Amino acid sequence: MENQNINEIYQSAMDEIGESSTSEKLQELKIKFLAKKSVLMSLLSTLGSLPPEERKEMGQKLNEVKAKIASAIEEKENQLRKEELEKKLKSETIDISLPSKRVELGGQNPFYVVKDEITDIFLNMGFEVADGPEVETDLYNFELLNIPKDHPARDMQDTFYISDSVLLRTHTSPVQAHTMQAAEGKPIRIICPGKTYRRDDDDATHSHQFAQIEGLVIDKDINIGHLKATLELFAKKMFGEKREIRLRPSYFPFTEPSVEVDITCANCNGKGCSMCKGTGYIEILGGGMVHPNVLKMNGYDPDVYSGFAFGIGIERVAILRYGIDDIRKFYQNDIRFLRQYRKKA
Amino acid sequence: MLVSINELKKYVNLDGLTPEEIANGLTFAGIEVEEVASLASGTNLVIGHILECEAHPDSDHLHVLKVDLGKEVKQIVCGAPNARKGLKVIVAQIGAKLPGGEIKPSVIRGVESQGMCCSLLELGVDSKYLNEEQTKGIEELPNDAPVGEENVLGYLGLDDAVLNLKILANRPDLLSLYNVAKEVGAIFSREVNIPSFEVKDDFKTDLVVGSETNRCTQFSGREIRNIVTKESPKYMQEALRSMGVRSINNIVDIGNYVMLLTGQPLHMYDMDKLPKHELIARDDLDVDFVALDEKTYKVIPQDIVITSNKKAMCLGGVMGSLECAVDNKTKNIYIEAASFDGASIRHTSSRLGLASESSSRFVKGTNHFQAEDVINFASYLIKEHCEGKEFSNIVTYQSEEKKVKKLNCSVKRINNRLGTEFNEEQTLSVLKRLHFGVKSINKDEFEVEVPTFRLDVTCEADISEEVIRLLGFDNVKSVLPTLDVKVGGLTLRQSRLRKIRESLLNKGLDECLTYSLLSKDNSTKFNLLNDEEHYSLLNPLTDEREVFRTHILYSLLEAASYNVNRQNKDLALFETANMMSKSSRNEHLAVVLVGNSLNRDLMSKEPYDFFHMKGIVENIFALLGIENSRYRFDRYSSDKEELHPGKSATIVFQNQVIGVLGELHPNAKKEFGLSKTSVVVLEMNLEQLLESKVSITKMAPISRFPSVNRDLALVVAKEVSASDIIKVIKKNGNGIVKDAKIFDVYEGEGIFHGAKSVAISITMGKEGTLTDKEITDTLDKIKFELAKQVNAELRM
């Protein structure tokens, strides 16, 4: 009779738990079936009236049912909680294609990208970075570089003058003289990036302001082979491993012999195209062995020391590398231009 | 320098070499060939003879011609005014390809035309080589022109290629065709044949030559009597044309021809017009000079002038006088071949704006020891082409001794310089090919005699260049220099500057590059940091660029304006650059922020204001490890309407103003067309930051005891600054206030006019547990002092 009653209670509890779909409902069921005043518990209180052998059996049975109901409720509770969380999370779904909250990296005038990159290439080769003034004296810009007054080579560089003896430097080469004088006869390995000025009307290919990177190495037993190898390494790092260089004789008053350095055209790999005017090569820089007069004037004995020097046009390298069609673009600072460039990690 | 292959091959064997191969050889020997151009072009040409010339029935200027082409006679309609019966002409037959297009059979106003009579212009000859008649009409060939000849360009001497040589400043000797021939001969190991002439003297001249200035070291002259001026021979006209010079008459052409071949400019005087039979170089005249071009020029001391009886007869090396100019009535002449100081010629010709083929040769440098040979060459030509029969002796003034330059060289030293392994034989043979005298001293050393025309070779390094440019740089072994290992890399200063730039880029600012030269007016605008005297150019190209700037900001504002005008309205721009004034040289940073902040969620907008810029400045200090106690912001004041007077500040570091920042003044905004947007600017002198010393941070112990936070809300007058409030709190902190931060400022409803509400968070702590009493006592003291010192009213 009571056994049957217990089974009925158990069955109805399990049915109701199974049907319930909210945690509130489960709370009600806890009270209904497990609270002190529930039917099940009231049965417990009647145990005392049973004969001892039945009491034990019935007590065990009641406790078993109570535990089963409690665990069924807990299980259901967990299930409901999980479902609710899943529902909540689902409702929180975002459009991951919306714009991010990052700080966009600034664009960098390609001038600086190239300047920093060339600088880093030479830093890695053990060069140091020297510096010199943009407003220079005639002495440093010309005379100490073996370009005396009225030397025809002065006509190669139309100069902005501030006074008879002060001018805007026409090349970064005066830094050679400054560096040699400061080094007091010790070996030198420097580059110097910097702005330079020439009295040219601005157009697509000319600019009254432009920039160079000067290089200077002085030591015992330096020869053109060292210049060639150094620039080869530079060209490969800057323009790609496949690039080859070629030296052509040229003339600068402060180097002897002087060379123009061409690299194989990146556009056609040296086969010849419109970019290199069919020659397969593009001129990128000038250099040579430091003229003995320059060494002498700046405190080095040319019988003991020799050196090489070179000058690279920063804008020229950027123009070649990025296909920039007008040198004035560097100085306009249109952000649509700037934001196309930044130094790559 | 234009070099005709046809002319060149008269002096050097070019068999089997194409113009392109010659150009390439020259280029890789250091003489860059900028262009290989043909003088003229045209296919299917023939020399014709006009048999009949009738007026076109339906035109007032066209002619209908019957032209004998040798094999046949064709009818051609021709519009040239000089077409006439009997003329020998160039005919482009049907199918001929000319620079202007192909010739097709046509019907012109009802009359059939089977070809075209050509001018040289139509064959592509540059008009600068042609006279007026030649450009207006068809070319008139000589009467003996062979009718039916199909190699018309060959007949005209136009089957030629012209190399355009870029002569660098060290090789003025190559402004001579003879020397180019020697060079080509050396490059290709070819035989060179430079003719020499001598015209014996028929009488002794009474001409006196001399120089009273060291600017003229050599002066040679010869008197020639009974010349006749007329047209030059065809070969000379063609040679001149191929090298870019127009033919004038025999005497002028001989002067030019000799100069182009030898590099030595000549001058001719009409002897009968000279006041005295003397030609003396001087440099002390101060007179007006009427030149050949009939213009008057001011001659000043230091100009080289050739005088006769102390009267200026020629501006040495630049231009002759009208007074003694050779014209078609001239009978007797003096020829001059002199050496002038290049620098003086340069000054004179650039001052007077008179530059010519001859002045530019003197400027670049001429061979001082060939004058008599050159005069003999010119004499020979005059004898041949001017009917001149009587030649005097050559009189010469020479103040410098002819000295052969000798250099002692060593094969080993040359190889050491070049990074090559040439042997003695290779080295010496190159020099011999280049006309250097070479004498071996021992296995390694040798003596070199430099030819007089090579002005550029003065030392062994120059000899090494001669060797390498002929043997080729392919022989140079590429070897990286082995140098001592040392700590290279950027200096502290350089790496700090790099870090500042990189941090700004990482914050989204774009890095700009602007010009250093500004107009005088603009150089004073937004020059917020100094009034130092700037450098001005003596010779600016335009007013826009005549002052070397001492600040960046103006240029950067221009860049901002440029972008805003192109609908890019949110900008964060910066530039670092070196500034120079007469008294200083400083690295500067400028920043311009325009429109809405880029450093936000892209879907929200926040206009830039003062505090964005202040944050940028504080970040820079922090980046360099400079604590905020070491610098401060003070209010900025200025008479100029550049910055908003209430929203601007100076940056003070080490007791010096090193920067100014602020929002733009409304009137300044208007000037840059930025009225409708927010604009915040900064100009900062980075020198002290880059050079500043930063000590190593010793670890501060971290307290084991928790700190306590209390918030205060005050109402103070609007003028009371946050820093004043913080200062009071920190000063009265009883040693337990660790920090105080403003977290809210409010003005408006609920707060009376002229006041603001300020909320502050105070952090307290000590080595031990804070008691309630300690906290309350401290807060009370702070409140009391705030009320007393900044008139603060506590809000509950």
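Residues numbered from 1 in each chain as written. Chains lettered and ligands numbered in written order. Predicted model: local features only at pLDDT ≥ 70, side-chain atom pairs only at ≥ 80, totals over all residues.

### Some thoughts on the overall build of chain B
Looking only at helices and strands, chain B features 21 helices and 39 strands. What you see for chain B is a C-alpha radius of gyration of 42 Å, clearly larger than the 28 Å of a compact globule of 796 residues, by over 25%. Referenced to the eigenvectors of the C-alpha coordinate spread, the extents of chain B come out at roughly 130 × 85 × 60 Å. Buried positions account for 42% of the 796 residues belonging to chain B. If you take every contact in chain B between residues at least 6 apart in sequence, the share linking residues at least 24 apart comes to 69%. (Helix = DSSP H or I, 4+ residues; strand = E, 2+ residues; numbered from the N terminus. Rg over C-alpha atoms; globule rule 2.2 N^0.38 Å. Buried ≥ 20, exposed ≤ 12 C-beta atoms within 10 Å, placed from the backbone. Contact = placed C-beta atoms within 7 Å.)

### Comments concerning the overall build of chain A
The helix and strand tally for chain A stands at 12 helices and nine strands. Against the compact-globule benchmark of 20 Å for 345 residues, chain A has a radius of gyration of 43 Å, which places it well outside the compact range. Structurally, chain A occupies a C-alpha span of about 135 × 45 × 45 Å along its principal axes. When burial is assessed residue by residue, chain A has 41% of its 345 residues classed as buried. Look at the contacts in chain A between residues 6 or more apart in sequence, and 67% of them connect residues 24 or more apart.

### Side note on helix 10 (residues 371-385) of chain B
Residue and element names in this part refer to chain B. For helix 10, which comprises 15 residues, the first-to-last C-alpha distance of 21 Å matches the rise-based estimate of 21 Å (1.5 Å per residue) to within 8%. Among the residues of helix 10, those classed as buried are Ala371, Val374, Ile375, Phe377, Ala378, Ser379, Leu381, Ile382 and His385. The inward-facing, buried residues of helix 10 abut strand 14 (216-225), helix 7 (250-262), strand 22 (333-340) and strand 23 (390-398). Phi turns positive one or two residues past the end of helix 10, at glutamate 387, with a value near 60 degrees. (Expected span 1.5 Å × (residues − 1).)

### Things to note about the nonpolar core
Residue and element names in this part refer to chain B. Judged by nonpolar contacts, the single largest core of 268 residues is most densely connected at Cys117, Ala560, Val591 and Val592. In this view, cysteine 117 contacts Ile76, Cys78, Ala80, Ala83, Val89, Ile90, Val91 and Ile138; residues no more than four positions away in its chain are not counted. Judged by nonpolar contacts, the second largest core, of 15 residues, contains Val716, Val728, Val737 and Ile782. (Core = buried A, V, L, I, M, F, W, Y, C linked by C-beta atoms within 7 Å.)

### Overview of the environment of arginine 545 of chain B
Among the secondary structure elements, arginine 545 of chain B is positioned in the loop between helix 15 (520-523) and strand 29 (547-548). Look at arginine 545 of chain B and you get buried, because 21 C-beta atoms sit within 10 Å. In the structure, arginine 545 of chain B is positioned 428 residues away from cysteine 117 of chain B in sequence and 54 Å away in space, judged by C-alpha atoms. Dropping the residues within four chain positions of it, arginine 545 of chain B is found in contact with His208 of chain A together with Tyr515, Leu517, Leu518 and Pro540 of chain B.

### Brief notes about the interface of chain A and chain B
Between chain A and chain B, the contact holds 69 residues from the first and 73 residues from the second. At eight residues, the largest contribution of residues to the side of chain A that touches chain B is made by helix 8 (residues 224-239) of chain A. Taken together, the residues that form the side of chain A that touches chain B break down as 33 nonpolar, 17 polar and 19 charged. (Nonpolar A, V, L, I, M, F, W, Y, C, P; charged D, E, K, R; others polar.)

### Here's the deal with the domain arrangement of chain A
Assigned domains within chain A: domain 1 (2-91) and domain 2 (110-338). Here the C-alpha centroids of domain 1 of chain A and domain 2 of chain A sit 91 Å apart. (Domains from an automatic or database assignment.)

### Concerning helix 14 (residues 492-506) of chain B
Residues and elements named next belong to chain B. With 15 residues, helix 14 extends 21 Å between its outermost C-alpha atoms, agreeing within 8% with the 21 Å of an ideal straight helix rising 1.5 Å per residue. Those residues of helix 14 that sit buried are Arg496, Ile500, Arg501 and Leu504. Axial view of helix 14: buried residues confined to an arc of 135 degrees, hence all on one face. Turned more than 90 degrees away from the buried face of helix 14 sit Leu492 and Asn506, all of them exposed. Residues of helix 14 that are buried in the fold lie against strand 27 (510-511), strand 30 (571-580), strand 31 (585-594), helix 17 (610-623) and helix 19 (687-691). Where helix 14 ends, the next residue or the one after it, glycine 508, has phi of about 95 degrees, a positive value. (Arc of directions from axis to C-beta.)

### Looking at the sheet that holds strand 30 of chain B
Residue and element names in this part refer to chain B. One open sheet holds the seven strands; their spatial order is 27-30-31-35-34-33-32, and the pairing between them is mixed. In this open sheet, the two edge strands, each paired with only one partner strand, are strand 27 and strand 32 (631-635). One ladder, built from seven bridges, connects strand 33 (residues 643-653) with strand 34 (residues 656-664); its direction is antiparallel. What sits directly across from threonine 650, in strand 34, is valine 660. Packed on one face of the sheet, helix 16 (residues 553-564) meets strand 30, strand 31 and strand 35 (679-685) and runs near 25 degrees to strand 31. (Pairing = 2+ DSSP bridges. Axes fitted to C-alpha atoms, helices over the stretch in contact; angles between N-to-C directions.)

### Some points on the pairing of strand 17 (residues 287-290) of chain B
Residue and element names in this part refer to chain B. Of the pairings in the sheet, the one linking strand 17 to strand 18 (residues 296-299) comprises four bridges and is antiparallel in character. Looking across to strand 18, one finds that phenylalanine 289 is bridged to tyrosine 297. The hairpin formed by strand 17 and strand 18 contains five residues between the paired strands, and glutamate 294 there has a positive phi angle of roughly 70 degrees.

### Section: the pairing of strand 36 (residues 708-717) of chain B
Consecutive residues of a regular strand have side chains that alternate between opposite faces of the sheet. All names here are of chain B. Pairing analysis gives 10 bridges linking strand 36 to strand 38 (residues 755-764), with the strands arranged antiparallel. Across the sheet, residue alanine 713 finds its bridge partner in strand 38, namely alanine 759. Bridging between strand 36 and strand 39 (residues 793-794) involves two bridges; their strand directions are antiparallel. The residue bridging leucine 714 from the neighbouring strand is leucine 794, located in strand 39.

### Some words on the confidence of the model for chain A
Per-residue pLDDT for chain A has a mean of 90; in total, 98% of the residues score no lower than 70. Considering each helix and strand of chain A separately, the mean pLDDT is smallest for helix 3 (residues 39-45) of chain A, with a value of 77, and largest for strand 2 (residues 135-137) of chain A, with 97. (pLDDT = per-residue confidence, 0-100.)

### Overview of the sheet that holds strand 36 of chain B
Residues and elements named next belong to chain B. One open sheet holds the four strands; their spatial order is 37-38-36-39, and the pairing between them is antiparallel. Edge positions in the sheet fall to strand 37 (737-746) and strand 39, since each of these pairs with one other strand and no more. In terms of strand pairing, strand 37 meets strand 38 through eight bridges, oriented antiparallel. Bridge pairing in strand 38 places lysine 741 opposite serine 761. Against the sheet, helix 20 (residues 722-731) makes contact with strand 36, strand 37 and strand 38, and its axis sits at roughly 150 degrees relative to strand 37, the strand it touches most. On top of the sheet, helix 21 (residues 772-790) reaches strand 36, strand 37, strand 38 and strand 39; it is set at about 15 degrees to strand 36, its chief contact.

### Points about the domain arrangement of chain B
Once the domains are mapped, chain B shows domain 1 (2-39 + 161-188), domain 2 (45-156), domain 3 (208-398), domain 4 (407-475), domain 5 (492-691) and domain 6 (708-794). Each of domain 1 of chain B and domain 6 of chain B has a C-alpha centre, and the two are 88 Å apart.

### Structural notes on the environment of glutamine 27 of chain A
Residue and element names in this part refer to chain A. Mapped onto the fold, glutamine 27 is located in helix 2 (residues 23-34). On the basis of neighbour count, glutamine 27 is assigned to the partly exposed category, with 13 C-beta atoms found within 10 Å. Between the alpha carbons of glutamine 27 and lysine 236 there is a distance of 77 Å; along the sequence they are 209 residues apart.

### Here's the deal with the packing of helix 12 (residues 424-433) of chain B against helix 13 (residues 460-471) of chain B
Pairs of packed helices are described in terms of their axes, by the angle between the two and the distance that separates them. Residues and elements named next belong to chain B. It is at 9 Å that the axes of helix 12 and helix 13 come closest, and there the two elements cross at 95 degrees. Between helix 12 and helix 13, the angle is such that the two are roughly perpendicular. Counting all contacts with helix 12, which are made through Gln426, Thr427, Val430 and Leu431, the residues of helix 13 involved are Glu466, Val467, Leu470 and Leu471. Along the lines of polarity and charge, the residues of the contact of helix 12 with helix 13 split into five nonpolar, two polar and one charged. (Parallel < 35°, antiparallel > 145°, perpendicular 65-115°, else oblique.)

### With respect to the environment of threonine 650 of chain B
Tracing the backbone through its elements, the reader meets threonine 650 of chain B in strand 33. Sequence-wise, threonine 650 of chain B and valine 199 of chain B are 451 residues apart; in three dimensions their C-alpha atoms are separated by 85 Å.

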